[in-house]
Amino acid sequence: MDITRSSPAPMRVVTAPPEAPDLTVLPAAGPLPGPPEVVLSATAPLPGPPEAAAPGPVPPTAARPAAVRGLLRDLLALVRPGQWVKNLAVVPLALLDVRPWHPGAFGQIGWAVLGFTLASALVYVVNDLADRERDRLHPVKRNRPIASGRVSTTAATVLAGLIAASLTCWAVAGPAWHWWPTALYLALSVAYSQGLKHVPLVDAFIVASGFVLRLVQGALLVGGRISEWLALCVFALCLMLALGKRRHEMTAAGRAHRPALRGYTLAFLDHLVVLVAALTAVSYVLYLRDDAALAAGASFVTLLSAPCAVFGLARYLQLLLVEEGGANPVHVLFRDRATLVNATLWAVLVSVALLLSRL
C-alpha cells in the first residue's frame with residue numbers, strides 16, 4: 001500500500017438555504033409586465049421642457065416679407081420725411097404778400113412744395129452716398145441707412161435715379177422756366193456735395209441759401225412779390241440754425257467726421273450764432289413795418305408777434321448754448337414744449353392779422 005498517494009477526501013454535506021428565484025431569466029411564456037416601452041425615432045423630438053428645444057430656422061416665406069418691409073422703411077428714412085416740414089414752413093411764406101388769396105394760389109404753392117420736396121429728397125440721398133464713410137465716424141449719423149449698411153449703394157443709386165426722373169416730370173409739367181430756383185438749388189447742392197461742404201462758412205451759407213430759393217420758388221409760382229426783408233430774415237434764421245448744428249456736432253463728435261469743422265471753434269461759433277440771431281430779429285421787425293401788406297388793425301396784431309419771434313430765438317440759443325442741444329431744429333420745434341407753445345401763439349397772431357387785412 002502506497003502511502004504517498006493521497007486518498008480522496010471524504011465528501012462533506014453542506015446544508016444551503018433555499019435559492020431565491022433568478023429574476024433575470026424571463027419565463028418562456030411572455031415578458032414580465034412593466035411600463036410601456038419608449039420608442040425613439042428620427043422624426044420625433046426628445047421629450048423635455050419646451051424651453052429646452054432649440055428654435056427651428058425661420059421659413060424663407062416668412063423672412064422675405066419682413067426683409068422687404070425693413071428695406072422699404074430704410075429707403076423712406078433715406079429721403080428724411082421728417083425734414084420735409086422745412087418746405088412746408090418756408091415755401092408758403094410767399095402767400096403773405098398775395099392779395100387777394102385765390103384757390104389757384106394754394107394749388108401753385110402745393111406744386112412748389114412738391115418740387116422742393118423731391119429736390120431735397122434727391123439731395124439727401126446723394127449726400128448720404130457721398131458721406132457714408134465719414135458718417136460712420138459720427139455717433140448718430142453712423143445709424144443712417146447707407147452708413148450702417150442696411151441699404152446698399154446700388155439700391156440708393158436706383159432710388160436717386162427714380163427721384164431725379166420724378167423731378168424732371170415735375171419741371172416739364174409746371175409753368176415754363178418757373179423751375180429755375182429748384183434747378184439752382186440742385187446745382188448748389190451738387191457743388192456742396194463735391195467739395196464746398198468742406199470750406200468753413202461757405203458750407204453754412206449754401207445751406208441757408210437753399211431756404212431763400214424755396215421762398216423764391218413759391219413767390220414765382222403764385223405771382224407774389226418777393227420782400228427783401230423777408231428774404232433776409234429767412235436767410236439769417238436758417239444760417240443761425242446751420243451754424244448751431246455745426247456747433248452741436250463739434251461738442252458731440254469732434255471734428256473728424258466733417259472737415260469744415262476745422263475752420264471753427266466753439267467761441268467763434270457762439271459769436272456767429274448770436275450775431276445772426278440779432279440780424280434775424282431786426283429783419284423780421286423791418287419786414288413787418290415796411291413790406292408786410294397789412295391793414296392798420298392787422299399791423300398792430302402782427303407787431304404783437306415780434307416778442308414771440310424774439311422769444312423763439314432766445315429759446316433756441318438757450319437750448320444750444322446752455323443745454324448743449326438744438327442739433328435738429330425740427331425736433332426742437334415739435335419736442336420742446338416752450339418752443340411749441342410759443343410757435344402756436346405766433347401762428348395764431350399772424351393768422352388773425354392776415355384775416356383782418358383781407359376783410
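Parameters and conventions
- Residues numbered from 1 in each chain as written.
- Predicted model: local features only at pLDDT ≥ 70, side-chain atom pairs only at ≥ 80, totals over all residues.
- Heavy atoms only, no water.
- Helix = DSSP H or I, 4+ residues; strand = E, 2+ residues; numbered from the N terminus.
- Buried < 20%, exposed > 50% of the residue type's maximum accessible area, 1.4 Å probe, protein only.
- Contact = heavy atoms within 4.5 Å.
- Areas by Shrake-Rupley, 256 points an atom, 1.4 Å probe, with all protein chains shown as cover.
- Expected span 1.5 Å × (residues − 1).
- Axes fitted to C-alpha atoms, helices over the stretch in contact; angles between N-to-C directions.
- Parallel < 35°, antiparallel > 145°, perpendicular 65-115°, else oblique.
- Left-handed = near helix turned anticlockwise from the far one by under 90°.
- Nonpolar A, V, L, I, M, F, W, Y, C, P; charged D, E, K, R; others polar.
- Salt bridge = Lys/Arg side-chain N within 4 Å of Asp/Glu carboxyl O.
- pLDDT = per-residue confidence, 0-100.
- Core = buried A, V, L, I, M, F, W, Y, C linked by side-chain atoms within 4.5 Å.

## As for the overall build of the protein
Secondary structure assignment for the protein yields 13 helices and zero strands. Burial status across the protein gives 37% buried among its 359 residues. Intrachain contacts of the protein at a sequence separation of at least 6 include 74% that bridge at least 24 residues. Carbon and sulfur atoms make up 70% of the accessible area of the protein, which amounts to about 21,200 Å² in all.

## Focus: helix α11 (residues 305–322)
For α11, with 18 residues, the first-to-last C-alpha span of 25 Å sits near the 26 Å given by 1.5 Å per residue. Immediately beyond the C-terminal end of α11, within one or two residues, lies E324, with a positive phi of roughly 55 degrees.

## Brief notes about the packing of helix α8 (residues 228–253) against α11
Running from amino to carboxyl end, α8 crosses α11 at an angle of 10 degrees, the nearest separation of the two axes being 10 Å. The orientation of α8 with respect to α11, classified from their angle, is roughly parallel. Crossing angle aside, the handedness with which α8 passes α11 is left-handed. Residues L237, M240, L241, G244, K245 and R247 of α8 form the contact with α11, whose participating residues are L313, Y316, L320 and L321. Split by residue class, the contact of α8 with α11 holds seven nonpolar, one polar and two charged.

## As for the pattern of salt bridges
One pass over the structure, following the stated rule, counts 11 salt bridges. Residues D135 and R144 are paired through a salt bridge, measuring 3.6 Å at the closest nitrogen-oxygen approach. The salt bridge partner of E323 is R315, with a shortest N-O separation of 3.7 Å. R315 sits in the buried class, given a relative accessible area of 14%. Sharing partners across several salt bridges, the network here consists of R80, D128, D135 and R144.

## Here we look at the confidence of the model for the protein
Chain-level pLDDT for the protein is 80 on average; 77% of the residues reach the 70-or-more range. Looking over the protein, one finds the lowest element-wise mean pLDDT in helix α10 (residues 296–303), namely 72, and the highest in helix α5 (residues 153–173), namely 93. Confidence drops under pLDDT 50 across residues 20–32; counting only partners more than four residues distant or on other chains, this segment forms one contact. The low-confidence segment residues 35–44 (pLDDT under 50) makes one contact with residues lying over four places distant or belonging to another chain.

## Comments concerning unusual backbone geometry
If you check the backbone angles, R80 has positive phi at about 55 degrees while not being a glycine. Within the secondary structure layout, R80 lies in the loop between α1 (60–78) and α2 (85–90). In the Ramachandran plot, L201 falls in the positive-phi region, its phi being about 75 degrees despite a non-glycine side chain. Mapped onto the elements of the fold, L201 is located in the loop between α6 (180–194) and α7 (202–222). Residue classification places L201 among the partly exposed residues on the basis of a relative accessible area of 33%.

## Thoughts on the environment of A165
Mapped onto the secondary structure, A165 falls in helix α5. On the accessibility criterion, A165 (41% relative accessible area) is partly exposed.

## Looking at the nonpolar core
With 39 residues, the main nonpolar core has L215, L230, V234, L239, M240, L243 and Y264 as its most contacted residues. For this core, the elements supplying multiple residues, two or more each, are α7, α8, α9 (266–291), α11 and α13 (337–357). Apart from the residues lying within four places of it in its own chain, the contact partners of L243 are A204, Y264, L269, L272, V273 and V276. One finds F116, I146, V151 and L213 within the second-largest nonpolar core, a separate group that totals 22 residues.

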